[in-house]
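Okay, here's what each chain looks like letter by letter:
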Amino acid sequence: CAPPDAVVWPQAVGQVQELAALCYRCRVPMVPFGTGTGLEGGVNAVQGGICFDLSRMDTIAELSLEDFSVAVEPGVTRKALNSHLRDTGLWFPVDPGADASLCGMAATGASGTNAVRYGTMRPNVLNLRVVLPDGRLLHTAGPGRQARWEPGDQDGLGGGHTGTHSLAPCRKRAAGYDLTSLFVGSEGTLGFLTQATLRLHPLPEAAAVTTAAFPSVRAAVACTVQVLQAAVPVARIGGCRGPVVGPGSRGPGAGLSTAFSHPEFLDEVMVAACGRFSGLELPAAATLLLELHGSRRGLAEQQQQAAEEIVRLNGGSGLAWAEEPEERGRLWAMRHSAWYAALALRPGCQGYSTDVCVPISRLPDVVVETKRDLQDSGLTGPMVGHVGDGNFHCLLIFDPQDPAEAQRVHAFTQRLGRWGQGRPGGTGAGGEMAPCHPLTPPSHRRALAAGGTCTGEHGVGLGKRALLLEELG
C-alpha cells in the first residue's frame, strides 16, 4: 500500500472544487477515495499527494418516484440507498457484493450478481456531477436541464407555479457526446465524481432461487448458456450440449413474464468451502445458483417449463426452490461469503482474486481450460462467477512465504489474462507478485485470446495497466 502525503475530508462540492484547484496549481497528485472496497489498488497514492476522502458527502437528493431516478453523493453506499428506498417499491439492483460507494461503483464500472437482468453501472447512471482536476464543475448530461413541470404550470415555462421545480434526468438523449459513459469506468483519472444520478427499478412482485448440482464444470456452465437462450430465442451459440434455440423457434419458457436475475456458478471446491463456512449442507459438485424475478404466475411456469427441464437435460439435480426472503437470504449470504470461505481453506495464507470476462459462446471452453490449468498447476483456486454475462473469478489461496508457489500463481494469472488482486512488485523472499512481462505472447492470455477482457468488473487499477494496453492497443 502506498500512502498519501495528506488526507482531506470535504463535505460539500464547493470544498472539493477549492481543494482540487489548489492541488492543480501546485501540481500535487490527487487520489479520490470512497469506501476502499476496490480490488485493484486504484486508491494507492503511488506518487504521494493528497487523498480526497469523500465519505462525508452522503446526501441522497432528487428522489423522483415518477422518473425512477435518484441523485446520490459519494458517501452513499448501495445498502444505504436501498434502505432509504425501502417503502417506495423501487430499488437499485447493481450488487458487486461489497457495500461500496455508489459513486465509486460508477468510477470503476462495477456490476455483480444482477447484471444479466438489470445491467452494469454503465446503463444505470443517468448523469454525473464531476469536479475536474482544475476545480471546474461538469454535469455530464447537463445540470438538470429537464424540468418536471408541476400543477399550475400551464405553459411549461414555470410561470404558473411559484414553488421550486424538481429537476429530473431525461431518460434518453441524442444531443451531444455521451460524456456520462466516458466517466463511468474512468477510475478517478478524469475527475472526482461528486454526485451520480441513478436509474431505479421496480421491485419484482415475486422471486425464487434454487441451487442445482452438476456432474461437471462444463455441464454447469453450458446449462447457464441454454437458460439464457431459452429466455430469449437467439441464434445457436457454439460449445453447448443439449437443446439449442434458434431464430423463430420457441424453447422452454420463451415468452414468459419472468427473467433470470442471478445465474451464479460455483465449482466443487468453492461449494464445499462455502458450505462449511456458512453451515449449509450442499453437495460438493459444480453448482449453479439461479434466481428468477417476475410475477407469481410467471415464476411457477418458468420453474417447471424452463429451469427444471434445462437443468435435468444437462445432468443437474437437487433443485429445491426457495421463495421466502429468509431462505433466499441464506443462500445469497452463502454466495457472498465466498472470499472468506476460500481464505478459510488455508488459514494464514493470502488471497489473490482474479476477474476476467469472455463472450458467452466461449465461456464453457474457457472455464474448463482454466479449471484444468488450476489442477495441473497444483494451486488452491476455487472458481466462482456471474456466468450469465461471461464473467468469472478464481480465488487463489497461496502461502506468501513460499516463493515457488507464488511464482506458480503468477504464471497462472498470466495465462488467464490478468494479474489479479495481490501485492504487485518483484517475486522476492516474501513471495510478492511480479508484474507480467510486457512481451508475454497474447496467446498465453486465455481471456484475451477468446475475445474477452482482462476485467469484467474489478477495473484496471494498478495491476492491469499493461493488459489494458494489450487488449485495446
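The notes below deal with the structure included here. All residue numbers refer to positions counted from 1 along the written sequence of the respective chain. For a predicted model such as this one, the threshold for reporting local features is a pLDDT of at least 70, and the threshold for listing and counting side-chain atom pairs is 80 or more; totals across whole chains, interfaces and linings nevertheless cover every residue. Computation of side-chain values: all heavy atoms of the structure, hydrogens and water removed.

Turning our eyes to something else, we now look at the pairing of strand β7 (residues 125-131). Residues in a regular strand project their side chains so that they alternate between the two faces of the sheet. Within β7, seven of the seven residues are buried, leaving the element largely enclosed by the surrounding structure. Where β7 meets strand β11 (residues 192-199), six bridges bridge the pair, whose relative direction is antiparallel. Within β11, the position partnered with V125 by the bridge is L198. Whether two strands pair depends on DSSP finding at least two bridges between them. Numbering of helices and strands runs from the N terminus, with a helix taken as a DSSP run of H or I at least four residues long and a strand as a DSSP run of E at least two residues long. Taken together, β7 and the strand that follows it, strand β8 (residues 137-139), pair antiparallel across an intervening segment of five residues, in which G135 is found at a positive phi of about 95°. Classification of residues uses two cut-offs on accessible area relative to the type maximum, computed with a 1.4 Å probe and protein chains only: under 20% is buried, over 50% is exposed, and between them is partly exposed.

Pairing within the open sheet is antiparallel, and its five strands lie in the order β4-β5-β11-β7-β8. Looking at which strands have only one partner, the edges of the open sheet turn out to be β4 (60-64) and β8. Here the strands of the sheet are splayed against their neighbours by 10° on average, with no regard to which way each runs. Each axis is a line fitted through C-alpha atoms, and for a helix only the stretch in contact is used; angles between axes span 0 to 180 degrees, taken between their N-to-C directions.

Only residues whose relative accessible area exceeds 30% and that form no salt bridge enter a patch; like-charged residues are grouped when within 9 Å of one another, and nonpolar side chains (Val, Leu, Ile, Met, Phe, Trp, Tyr) when within 5 Å. Note that accessible areas follow from Shrake-Rupley with a 1.4 Å probe, and for residues the cover is restricted to the protein chains shown. Should a side-chain nitrogen of Lys or Arg be within 4 Å of a carboxyl oxygen of Asp or Glu, the pair is scored as a salt bridge. Charged residues are defined narrowly, with Lys and Arg counted positive, Asp and Glu counted negative, and His plus the chain ends left uncounted. Each charge is placed at NZ for Lys, CZ for Arg, CG for Asp and CD for Glu. There is a patch of like negative charges on the surface, built from E323, E324, E326 and E327. Turning to its location among the elements, E324 is positioned in the loop between α9 (296-313) and α10 (325-336).

Where strands meet in a sheet, backbone hydrogen bonds hold them as pairs that are either parallel or antiparallel. The sheet built from three strands is open, its strands ordered β1-β3-β2 with parallel pairing. Looking at strand neighbours, the two that pair on one side only are β1 (6-8) and β2 (30-33), the edges of this open sheet. Ignoring which end each strand starts from, the neighbouring axes of this sheet average 25° apart. Pairing geometry for β1 and strand β3 (residues 50-53), over three bridges, is parallel. Bridge pairing in β3 links V8 to F52. In what follows, residue pairs with any heavy atoms lying within 4.5 Å of each other are defined as contacts. Across the sheet, helix α1 (residues 13-26) is in contact with β1, β2 and β3; its angle to β3 comes to roughly 170°.

Attention now goes to the nonpolar core. Residue types Ala, Val, Leu, Ile, Met, Phe, Trp, Tyr and Cys, when buried and joined through side-chain atoms within 4.5 Å, form a set referred to as a nonpolar core. If you look at the biggest cluster of nonpolar residues, it comprises 36 residues, and the most contacted ones within it are F214, F265, L288, V367 and F392. Only β13 (206-214), α7 (217-231), β15 (286-294), α9, α12 (363-377), β19 (391-398) and α13 (403-416) provide two or more residues apiece to this core. Looking at this core, the element that brings in the most residues is α7, giving seven residues. Ranked by size, the runner-up nonpolar core spans 26 residues in total, among them A106, A110, V125 and A196.

A separate point is the layout of surface pockets. Approximately 920 Å³ is the volume found for the second largest pocket. Lining the second largest pocket are 33 residues, with W91, L203, E291, H293 and R328 positioned closest to its centre. For the lining of the second largest pocket, the elements supplying multiple residues, two or more each, are α2 (78-84), β6 (90-91), β13, β15, α9 and α10. At six residues, the largest contribution of residues to the lining of the second largest pocket is made by α10. All residues other than Ala, Val, Leu, Ile, Met, Phe, Trp, Tyr, Cys, Pro, Asp, Glu, Lys and Arg, Gly among them, are scored as polar; the first ten of these are nonpolar and the last four charged. Of the residues belonging to the lining of the second largest pocket, the class tally is 15 nonpolar, nine polar and nine charged. Cavity means a closed set of points on a 1 Å grid over the protein atoms alone, one where a 1.4 Å probe fits but cannot get out, pocket means an open set with protein on both sides within 12 Å along at least 5 of 7 lines, and lining means a residue has an atom within 4 Å of a point. Grid points are joined across faces, edges and corners, and a volume is the space filled by probe spheres set on the points.

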